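Each chain, written out:
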Amino acid sequence: MRWPAMGLLSASAVIDLTNVAAMAEYGLGSVVLYLIPTLVFLLPAAFVAAELGSTWPGGVFTWVHEALGEKWAFCAAWQQWVQNVIFYPLLLSFAAGNLAFVVSPELARSGPFNGAFVLAGFGLCAAVAMHGVRHASRFSVWSVVLGIVFPTVLLTVLMGGYLLGGHASATPLDARHVLPRWSGIGGLVLVVGNILAYGGVEVSAVHVREMRDARHGYPKAMAVMALLATLIFVFATLGVAVAVRREKLDLSAGLTQAFETYLAAYGLRWLTPVIALLFVLATLGSVLTWMLGPNHSLLLVGRKGLLPPFFQRTNLHGTPTALLGTQAVLVTLLTLVFFVAKDVNQVYWALDAMTTQLYIPMYGFMFVSAFKLRRSRPDIPRGYRAPALPFLAWVGIVSCALAFIVGFVPPEQLGVKNPLAYVARLGGLVFTLAAVPFVLYARRRPEWRQPSA
């Protein structure tokens, strides 16, 4: 794999458009709300991942293992894997909303429709993943180009033509609206949670071994990913904010709403279903990328003797079938919530909060490991040496700590009546799942280790 392909594969993990409609509510101020996470999280994470990935191939387990030992490395790899169980339904329900909008807008709020789409989408991605990394990575790369890059460029062009044509913007575009409005601590949850809009920087690191000239190519791939992600998030969000008024904005179908507005102005409204299908394609590509990285990473971890033999099973293409099957069972159980929920938007926000709280600790481990390895093993030749890495690592650590703390505050969009009960339920889930690797590590057996690990 060449570095441009790795950059696009990494971008397919980082770029998901699930938060675009929610951020569009902030109008022009959303630019600041993207630039802040870019500076305090994305750039530190990209630089750190470039140094670690080009020096110690293998992903987050290898990095944390080198710095903090096997137990904490297992914990980090587990956090990366288990958050996907929550993330898959969140991502696929976003695609369901966009597809439903062009068929019947009422379907976007239908729990059974969202649940059925999540199960069908997950099953389709799992079937592609079964054929191995080579075919699946091609699908992921093309899904980024056709389902994210192309629609975002088109949306930006349409937005420019729309404004130059004399149409009024749905959001104020004057300079005094550059700073986002303050809506209290509940609104801050969305802002801080936007840090995880850039989550996934490290996912493709497990595939470094499949790159040509990884030492020089992987840092270039990280640069492509960081630039592409920032530009796409900013312009996609502004495209929605200009086209759709805040009170009419649908959280899952906001992008399709924007395209419908722009295309209708040029008499091309019939193209809206095509755009919605491209967003579905992009979502499936992102889901597939997440299936590839964390499952292969945890498989390598398991073969070191940290998972029972059953979970180390693969097929002829090397796909970790037992781990993927386990995720399928858990996703199916979680998706049942859609079939009984009264408000799909509340399920959406709850899944978003759980994903954030499960994923952030892994980044804390990554930043701490980079800081420690630079001090404890300075003489190891680096494939790429990140500038001012101790400073970048500390910025990342502080950002993760603040995001984790604020993440326990109920989002105002959830309309939580009992905040203490919300914190108790979310905290109970997060800490219960976080305890699993410690239990498995304490019960590990020598026969679990494969000789080839």
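In this text the structure is predicted, and so the values were computed from the model without any measurement. (Residues numbered from 1 in each chain as written. Predicted model: local features only at pLDDT ≥ 70, side-chain atom pairs only at ≥ 80, totals over all residues. Heavy atoms only, no water.)

Colleague: Let's hear about the confidence of the model for the protein chain: which residues, and what values?
Modeller: For the protein chain, per-residue confidence averages 83 on the pLDDT scale, and 91% of positions sit at 70 or higher. No element of the protein chain has a lower mean pLDDT than helix α8 (residues 185–193), at 60, and none a higher one than helix α4 (residues 60–68), at 92. (pLDDT = per-residue confidence, 0-100. Helix = DSSP H or I, 4+ residues; strand = E, 2+ residues; numbered from the N terminus.)

Colleague: Mind laying out a nonpolar patch on the surface, listing which residues take part and the relevant values?
Modeller: Nonpolar side chains collect at one region of the surface, where Leu119, Val329, Leu330, Leu333, Leu336, Phe339 and Val340 lie side by side and expose about 630 Å² of accessible area between them. Of all the elements, helix α12 (residues 321–340) adds the most residues to the nonpolar patch, at 6 residues. Locating valine 329 in the fold gives a position in helix α12. (Patch = residues over 30% accessible without salt bridge, like charges linked within 9 Å, V, L, I, M, F, W, Y side chains within 5 Å. Areas by Shrake-Rupley, 256 points an atom, 1.4 Å probe, with all protein chains shown as cover. Salt bridge = Lys/Arg side-chain N within 4 Å of Asp/Glu carboxyl O.)

Colleague: Give me the pattern of salt bridges: which residues, what numbers.
Modeller: In total, this model carries 5 salt bridges according to the counting rule given. Between glutamate 25 and arginine 246 there is a salt bridge, with the nearest N and O atoms lying 3.8 Å from each other. Linking glutamate 25 in the loop between α2 (20–24) and α3 (30–55) with arginine 246 in the loop between α9 (214–243) and α10 (254–265), this pair joins segments that are 221 residues apart in sequence. Two residues, arginine 382 and glutamate 51, come together in a salt bridge whose shortest N-O distance is 3.1 Å. Residue arginine 382 is located in the loop between α13 (344–376) and α14 (389–406), and its partner glutamate 51 is located in helix α3; the two are separated by 331 residues in the primary sequence. For the pair shown, arginine 382 and glutamate 51 are each scored as buried. Connected through shared salt-bridge partners, Glu51, Arg374 and Arg382 make up one network. (Buried < 20%, exposed > 50% of the residue type's maximum accessible area, 1.4 Å probe, protein only.)

Colleague: Mind laying out the state of the cysteines, listing which residues take part and the relevant values?
Modeller: Under the counting rule described, the total for this entry stands at 0 disulfides. This cysteine, cysteine 400, is not joined by any disulfide, and cysteine 75 carries the nearest cysteine sulfur, 14 Å off. (Disulfide = S-S within 2.5 Å.)

Colleague: Please provide a residue-by-residue account of the packing of α3 against α14, values included.
Modeller: In contact at an axis separation of 9 Å, α3 and α14 are set at 130 degrees when each is read in the N-to-C sense. In terms of orientation, α3 lies oblique with respect to α14. Judged by the sense of rotation from one axis to the other, the crossing of α3 with α14 is left-handed. For the pair α3 and α14, the contacting residues are Val40, Phe41, Pro44, Phe47, Val48 and Glu51 in the first and Leu389, Leu392, Val395, Gly396, Ser399 and Cys400 in the second. In terms of residue class, the contact of α3 with α14 is made up of 9 nonpolar, 2 polar and 1 charged. (Axes fitted to C-alpha atoms, helices over the stretch in contact; angles between N-to-C directions. Parallel < 35°, antiparallel > 145°, perpendicular 65-115°, else oblique. Left-handed = near helix turned anticlockwise from the far one by under 90°. Contact = heavy atoms within 4.5 Å. Nonpolar A, V, L, I, M, F, W, Y, C, P; charged D, E, K, R; others polar.)

Colleague: Now, about unusual backbone geometry: what can you tell me, with residues and values included?
Modeller: The backbone phi angle of alanine 388 is positive, close to 50 degrees, even though this residue is not glycine. Tracing the chain through its elements places alanine 388 in the loop between α13 and α14.

Colleague: Lay out helix α15 (residues 419–442) with the relevant residues and their values.
Modeller: With 24 residues, α15 should cover 34 Å at 1.5 Å per step; its first-to-last C-alpha distance of 35 Å lies within 8% of that length. The set of residues buried in α15 consists of Tyr422, Leu426, Gly427, Val430, Leu433, Ala434, Pro437 and Tyr441. On its buried side, α15 packs onto α5 (70–103), α11 (272–306), α13 and α14. (Expected span 1.5 Å × (residues − 1).)

Colleague: I'd like to hear about the side chain of arginine 382, residue by residue, with values.
Modeller: The exposure class of arginine 382 is buried, given its relative accessible area of 13%. Within the structure, the side chain of arginine 382 is placed 2.6 Å from the backbone oxygen of arginine 377, a separation counted as a polar contact. From its side chain, arginine 382 meets the backbone oxygen of isoleucine 380 in a polar contact 3.0 Å long. (Polar contact = N/O pair within 3.5 Å; in protein donor to acceptor, adjacent residues only side chain to side chain.)

Colleague: For the packing of aromatic side chains, give the residues involved together with the corresponding values.
Modeller: The tally for this structure, following the rule as stated, stands at 13 aromatic pairs. The interplanar angle of 40 degrees and the centroid separation of 5.7 Å between the aromatic rings of tryptophan 72 and phenylalanine 365 together place this pair among those described as tilted. Here tryptophan 72, found in helix α5, pairs with phenylalanine 365, found in helix α13; they are 293 residues apart in sequence, far enough to count as distant. Take phenylalanine 365: its relative accessible area is 15%, and that puts it in the buried class. Three or more aromatic residues joined by ring pairs form one cluster here, namely Phe41, Tyr359, Tyr363 and Phe367. One Lys or Arg, arginine 444, reaches over the ring of tyrosine 441 and ends 3.8 Å from the middle of that ring. (Phe/Tyr/Trp six-rings, centres within 6.5 Å; stacked < 30°, edge-to-face > 60°. Lys NZ or Arg CZ within 6 Å of the ring centre and 35° of its normal.)

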